[in-house]
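# A look at the structure
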Amino acid sequence: YNMGFSVGRTGIHSGPCVVTEGSTDFARTRVSPIMAPLYSILLEERPLFGKGKIWFDGKMVDWKKANIHVMSHVVHYGSSVFEGVRCYSTKQGPAIFRLESHVDRLYDSAKVYRMEIPYTKKQFQEAILKTVKTNKLKACYIRPFVFRGYGAMGVYPLKNPLHCVIAAWSWGSYLGEDALEKG
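Structural notes, computed from the coordinates. (Residues numbered from 1 in each chain as written. Predicted model: local features only at pLDDT ≥ 70, side-chain atom pairs only at ≥ 80, totals over all residues. Heavy atoms only, no water.)

### Quick look at the overall build of the protein
The number of helices and strands found in the protein is five helices and nine strands. Each helix and strand of the protein, placed in order from N terminus to C terminus, yields the pattern β-β-α-β-β-α-β-β-β-α-α-β-β-α. Counting contacts in the protein only where the partners sit at least 6 residues apart, residues at least 24 apart contribute 66% of the total. Just so you have it, the protein exposes about 11400 Å², and 55% of that area is on carbon and sulfur atoms. (Helix = DSSP H or I, 4+ residues; strand = E, 2+ residues; numbered from the N terminus. Contact = heavy atoms within 4.5 Å. Areas by Shrake-Rupley, 256 points an atom, 1.4 Å probe, with all protein chains shown as cover.)

Below is the structure:
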């Protein structure tokens, strides 16, 4: 697992139909040509979305057990910061695009919201690498985020506990087949 960069291509499927898997064969559902790319993105195969492990406050937990209380501050006031990070499959193994820059930006965002992340930047980077490795992902999308949890209700957030989470899953290109080549 390295933190370099390599351009990979994992196109999306588009066309006038959406193909959904049936019990023994495939069924086609007609959709508008305008909506076909959107449906293809939504239905694209994501083998690990909803499965695997999530890094939650320093521990790897099952995806389905990574839960929060409905009265958590983040649910009512949106008190969170996040980054969206890509990991590409390369001949040398998975390569995370600008990991250090993404983590720096996450910490800068947290500082604006007066969130003191209880991990060093290096520890957070290592946790991202561990999440990708634990889930055996070669190419994926990584979502590190920090949020205010369950505690006092009201706009003043600093009495609420801070939680740090890293999820990663397979997610192909969602900006179109030519997004990496043509921008």
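### Details of the nonpolar core
In terms of nonpolar packing, the biggest core is built from 25 residues, with I96, F124, I128, V132, I142 and V146 touching the most fellow members. Those elements giving two or more residues to this core turn out to be β6 (85-90), α3 (99-112), α4 (121-134), β8 (140-148) and β9 (162-169). I54, F56, V165 and A167 belong to the second-largest nonpolar core, a separate cluster that totals nine residues. (Core = buried A, V, L, I, M, F, W, Y, C linked by side-chain atoms within 4.5 Å. Buried < 20%, exposed > 50% of the residue type's maximum accessible area, 1.4 Å probe, protein only.)

### Regarding the environment of Q125
Tracing the backbone through its elements, the reader meets Q125 in helix α4. On the basis of relative accessibility, which here comes to 11%, the residue Q125 falls in the buried class. Between the C-alpha atom of Q125 and that of V103, which follows or precedes it by 22 residues, the distance is 6.9 Å.

### Quick word on the packing of α3 against α4
At a minimum axis separation of 10 Å, α3 and α4 run at an interaxial angle of 125 degrees. If you check the angle between α3 and α4, you find them oblique. Viewed along their axes, α3 and α4 form a crossing whose handedness is right-handed. Facing α3, whose interface residues are L99, E100, V103, D104, L106 and Y107, α4 presents K121, F124, Q125, I128 and L129. (Axes fitted to C-alpha atoms, helices over the stretch in contact; angles between N-to-C directions. Parallel < 35°, antiparallel > 145°, perpendicular 65-115°, else oblique. Left-handed = near helix turned anticlockwise from the far one by under 90°.)

### Some remarks on unusual backbone geometry
At R114, a position not held by glycine, the phi torsion is positive, near 55 degrees. Relative to the helices and strands, R114 is located in the loop between α3 and α4. Even without being a glycine, K136 presents a positive backbone phi close to 55 degrees. Checked against the element boundaries, K136 lands in the loop between α4 and β8.

### Focus on the environment of Y150
By secondary structure assignment, the location of Y150 is in the loop between β8 and β9. With twelve residues separating them in the primary sequence, Y150 and L162 have C-alpha atoms 9.0 Å apart. Residue contacts for Y150: discarding those within four places in its chain leaves H69, M71, S72, H73, N160 and P161.

### Regarding α4
Taking 1.5 Å of rise per residue, the 14 residues of α4 would be expected to cover 20 Å, and the 20 Å separating its terminal C-alpha atoms lies within 8% of that figure. Within α4, burial applies to F124, Q125, A127, I128, L129, T131 and V132. Directly after α4, the chain includes K136, whose backbone phi takes a positive value near 55 degrees. (Expected span 1.5 Å × (residues − 1).)

### A look at the pattern of salt bridges
With the rule as written, the count across this model stands at four salt bridges. The shortest N-O distance in the salt bridge between K53 and D62 comes to 2.5 Å. Assessed through its relative accessible area of 35%, D62 is described here as partly exposed. (Salt bridge = Lys/Arg side-chain N within 4 Å of Asp/Glu carboxyl O.)

### Brief notes about the side chain of S79
With respect to the helices and strands, the residue S79 is situated in the loop between α2 (73-77) and β5 (80-82). In this structure S79 touches H73, V74, M115, V146, F147 and R148, once residues within four positions along its chain are discounted.

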